[in-house]
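Each chain, written out:
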Number of protein chains: 2
Amino acid sequence: MKIVVDGFGGDNAPLSVIEGSALAVQELGVDIVITGEEKVIRQVAEQHHISLNKIEIVNTTDVIAVCDDPTSIMKEHAQSSMAVGMKLLADGQADAFVSAGSTGALVVGATMIVKRIKGIKRPTIATIIPCQNGCFMLADAGANLDCRPEMLLQFGLMGSIYMEQIINISRPRVTLVNVGAEETKGRELQLETYRLFQKSALNFMGNIEAREIPLGGADVVVADGFTGNVILKLTEGLAKFVMGGLKEMFLGSVKGKIAASLLMKDMKQFKKKMDYKEYGGAPLLGAAKPVIKAHGSSDAYAYKNAIRQAKAFVEKDVIGTIEQAIQKSKEA
Amino acid sequence: MKIVVDGFGGDNAPLSVIEGSALAVQELGVDIVITGEEKVIRQVAEQHHISLNKIEIVNTTDVIAVCDDPTSIMKEHAQSSMAVGMKLLADGQADAFVSAGSTGALVVGATMIVKRIKGIKRPTIATIIPCQNGCFMLADAGANLDCRPEMLLQFGLMGSIYMEQIINISRPRVTLVNVGAEETKGRELQLETYRLFQKSALNFMGNIEAREIPLGGADVVVADGFTGNVILKLTEGLAKFVMGGLKEMFLGSVKGKIAASLLMKDMKQFKKKMDYKEYGGAPLLGAAKPVIKAHGSSDAYAYKNAIRQAKAFVEKDVIGTIEQAIQKSKEA
């Protein structure tokens, strides 16, 4: 299996990309293609004594930045490390693509270069977020700010398949973010989406209030991309806020330092439980081939996990299952 | 000054209402009117040895529940403790109204019974939420799911006045919740609202990403009621999740218990900092007279603080200032 990794996406490129790719070659038995400026990649690898065994480099000199217009991936930045990686995927020269670069550009590229699965209206960025007793999938996390009910139904369907096949949750509990549990709650979008979900074959558990999300109330949390983006970022911000408060408490006094030494093991466990890196990246569900968005601040470990996720995505044929489910829902 | 309190709103009615009112009489020097079944109120007060000095009771036998249709406050539940309290306020028999009952019914009552300030399109539930280095006001927190740009502008204006006059923040930083900081981000609603804010006299700091909200990035956070409700409830859920994790860590082992005893004082401080009760309730900004929504699970202390807030609301003439500002913005 061959997985392309964008060599110049994210905050820690290209070092973390190279490190993570080398780890993936060793531990996961995959072949890697890194896109990006070959000279720089070889230099960094040499400086850090990282083996490039089973890692091919496809030379590209351009990079698309987070501040660039996402649609420029089709024109001005058509030769960027991200665009070239997606073309390799689209052309069948690789099985999956991983990037920690601009989310917007990745969504445009997934839609225009990799193309969509037949029948899918829009690809969704489906982020996996830790919560009490495990994790849940949030779809959409920001790719589609304005959504129609049919789009949200498809996000739920694709999220359910992913959680079942990759995270091994049987009959994932699908929910719709809303301001109340009752089916009469919400805006027109929620009212109509609720009806669509109810008629579907999914394990739809109804509306979920945001309060219940971190408490493990669902396996798949469906929302329009505006709401989903707020949920994702607020979770990050609150985690940072709380961790800051704890750090101050533990390091602010001698007593605190003693307490911290007593709780070292538990703290590490708690931190690991809350760590996005454990779950790899966010799949772009609905693209015709496996595309994984790694977190912008991914380190080598996060890259390795994103590549592991990409590998499972291919092996379990998630896309084939989505195709069949879409076909079936059309016949119904 | 006379403040009406809904005797049968919230989870801990009527005991916490009576206790909180008695505290307010003692500490704040206000007169209180409690609406609700007089016999029950007198019984509970006697059982718990609470003085009813300077507390008048207006007998009502009906209660509007959270599960009732909010508009029923105008018809079936027109004699409920909440409806009668709002009528006393509207008729000039009291200066402010506090209730921990159904938010929906309170919004309908504020609009239909108390009426709006002239020129205000919709009243907003403006919740005060603790954050790093203080607190911020979230408007709207769920009263108006569908909003127009002019409504959001008014929420920002009213929130700014409230934070300046009641929380003593000079030139409050007003922000708009969005998926990115740039003014080109968001849906049509955000794009147009951004332009309106820019043209206003407010201290508008631009868009805020949800990540920055708990980190103290703003004094007034403006959002449509759907998004605001998600922010409010997710904050509550994540706080509960983290507190649960800490409790487990501290109480799960002997080491943990020793650590907890070392950190007792800091933990209490942190908890107090995070406690909504410190800030009283959520004002219904835009209503023609002061209405405060207390948290559904308010205890006596929270009621006392909500009454203190209602008193400040009257004394500082927040409503007069809003009227003038609306008038001025029309002339501009």
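Residues numbered from 1 in each chain as written. Chains lettered and ligands numbered in written order. Predicted model: local features only at pLDDT ≥ 70, side-chain atom pairs only at ≥ 80, totals over all residues. Heavy atoms only, no water.

### Examining the overall build of chain A
As a reminder, the rule being used: Runs of H or I in DSSP of at least four residues are treated as helices and runs of E of at least two as strands, each being numbered from the N terminus. Three exposure classes are used, based on accessible area relative to the maximum for each residue type with a 1.4 Å probe and protein chains only: buried under 20%, partly exposed in between, and exposed over 50%. The contact criterion used throughout is that any non-hydrogen atoms of two residues lie within 4.5 Å. Only the protein chains shown count as cover for residues, with accessible areas throughout obtained via the Shrake-Rupley method and a probe of 1.4 Å.
Within chain A one finds 10 helices and 11 strands. A principal-axis box enclosing the C-alpha atoms of chain A has dimensions of 60 × 60 × 35 Å. Considering chain A as a whole, with its 332 residues, one finds that 57% of them fall into the buried category. Taking the intrachain contacts of chain A between residues at least 6 apart in sequence as the baseline, contacts between residues at least 24 apart amount to 70%. Carbon and sulfur atoms make up 50% of the accessible area of chain A, which totals about 13800 Å².

### As for the interface of chain B and chain A
What counts, and what does not: A 1.4 Å probe defines the accessible area here, and the buried area is the portion of it lost by two parts on being joined, summed over both. Salt bridge criterion: a side-chain nitrogen from Lys or Arg within 4 Å of a carboxyl oxygen from Asp or Glu. Contacts described as polar in this section are N or O atom pairs within 3.5 Å, which, within protein, must combine one atom able to donate a hydrogen with one able to accept it, while residues neighboring in sequence count only if both atoms come from side chains. Just so you know the grouping, Ala, Val, Leu, Ile, Met, Phe, Trp, Tyr, Cys and Pro go in nonpolar, Asp, Glu, Lys and Arg go in charged, and all remaining residues, Gly too, go in polar.
Tallying the contact residues gives 45 residues for chain B and 45 residues for chain A. Buried surface at the junction of chain B and chain A, summed over both partners, amounts to about 4500 Å²; 78% is from carbon and sulfur atoms. For the chain B face of the interface with chain A, the top three residues by lost area are Arg187, Phe226 and Phe241 of chain B, together amounting to 17%. Run the count over chain B and chain A and you get 6 salt bridges. Measuring nitrogen to oxygen at the nearest pair gives 2.4 Å for the salt bridge that ties Glu209 of chain A to Lys233 of chain B. Joining chain B to chain A, the criterion identifies 8 residue pairs in polar contact (both at pLDDT 80 or more). For the side of chain B that touches chain A, the secondary structure elements donating two or more residues are α7 (225-251) and α8 (254-273) of chain B. Class assignment of the residues belonging to the side of chain B that touches chain A gives a composition of 25 nonpolar, 10 polar and 10 charged.

### So, the pattern of salt bridges
Tallied over the full model, the rule gives 22 salt bridges over all chains. Across the pair Glu56 of chain A and Lys2 of chain A runs a salt bridge, and its minimum N-O distance is 3.5 Å. Remark: Lys2 of chain A occurs in strand β1 (residues 2-6) and Glu56 of chain A occurs in strand β3 (residues 55-59); sequence separation between them is 54 residues. By relative accessible area, Glu56 of chain A is classed as partly exposed at 38%. On the basis of relative accessibility, which here comes to 29%, the residue Lys2 of chain A falls in the partly exposed class. Each of Arg187 and Asp224 of chain A together with Arg187 and Asp224 of chain B takes part in a single network of salt bridges with overlapping partners.

This is a description of form; function is not addressed.
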